[in-house]
Amino acid sequence: MRFAATMLNSLMGMAQSNPRRENALGFGEKPSVTTHVLIVDDDGEIRDLLGRFLQKHGYKVSGVQSGREMRNKLDSEQIGLVILDVMLPGEDGMTLCRELRSKSSMPIIMLTAMGDETDRIIGLELGADDYLAKPFNPRELLARMKAVLRRTAAQAPSDKQGRIALFAGWKVDQVRRELTSPAGISKELTAGEYDLLIAFIEHPQRVLTRDQLLDLTRGRDAGPFDRSIDIQVSRLRRKLDEHRQPGLIKTVRGTGYTLAAKVEWT
């Protein structure tokens, strides 16, 4: 942890030393609405350095070191995004991610050990919206935060904005960002799951490759072995299939996925 904090401090110094280049890359842009970010990490130095970096870019930041403190802060403050470290004493980040996701669709970015692909996969399966391996460049974290918050904002393509989509008995209300089952039950979706669903209903009965889905949802470059879309599809499929409607999202071997149902817009 000491090495990660030292690295983070060095990178922040680099960012501050060239503000013109930072602005040209878009990192100097302030958020139009102040988002309150909660950092959950037991390393006080990282909380402090990362907090100052994010405050410099217009975010309100709070830092806590445990699950108990996290719950207290969530109960007393309006938090817009959680940065959650996997390695925490007591309740670990995976446990806290599962708890958060069971109660809320609040954006979650997990910080994982460098090279630990298992942690990243499990984090996504538990509902995290993105992940970042330590040690990391704080400017990359900032870019990922902005991407996640953009996905969370209630925005839709102009030709369908505010409209309701109907497919196989399901209803998607884009104003409320709400998915309702054929039985009339409202289903909780993460920001990533919601954006994935929107991508499918806007391109029904059409095969979408993994790269296309990444472009439509995450809005950032991904490595050639990025399997996060597969994980998100699996989670979305389980939520749709649990009402005994298997096959709504079909796998096209070697290509991608397709929403098999016809979609109507009202």
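Residues numbered from 1 in each chain as written. Predicted model: local features only at pLDDT ≥ 70, side-chain atom pairs only at ≥ 80, totals over all residues. Heavy atoms only, no water.

## Re the environment of E264
If you trace the backbone, E264 turns up in strand β13 (residues 264–265). Sequence-wise, E264 and A165 are 99 residues apart; in three dimensions their C-alpha atoms are separated by 5.7 Å. With sequence-adjacent residues up to four places away left out, E264 is seen in contact with I164, A165 and L166. (Helix = DSSP H or I, 4+ residues; strand = E, 2+ residues; numbered from the N terminus. Contact = heavy atoms within 4.5 Å.)

## Remarks on the pattern of salt bridges
Evaluated as defined, the whole model comprises 13 salt bridges. The salt bridge involving R144 is made with D130; its shortest N-O contact spans 3.1 Å. In this pair, R144 is assigned in helix α7 (residues 138–152) and D130 in strand β5 (residues 130–134), connecting sequence segments 14 residues apart. A salt bridge links E140 to R144; the shortest N-O distance between them is 2.7 Å. On the criterion of helical spacing, the pair formed by E140 and R144 is a turn pair, its members being four residues apart in helix α7. Relative accessible area serves as the criterion here: at 12%, R144 is assigned to the buried category. (Salt bridge = Lys/Arg side-chain N within 4 Å of Asp/Glu carboxyl O. Buried < 20%, exposed > 50% of the residue type's maximum accessible area, 1.4 Å probe, protein only.)

## Looking at unusual backbone geometry
Each neighbour pair has its own omega, and for K134 with P135 the value is -5°, a cis peptide bond. Structurally, P135 is set in the loop between β5 and α7. Despite not being glycine, A168 shows a phi value in the positive range, around 50°. Summarising the element assignment, A168 is placed in the loop between β6 (164–167) and β7 (170–173). Positive phi values are uncommon outside glycine, yet R177 reaches one of about 55°. Looking at where R177 falls in the secondary structure, it is placed in the loop between β7 and β8 (178–180). Given the relative accessible area of 22%, R177 is considered partly exposed.

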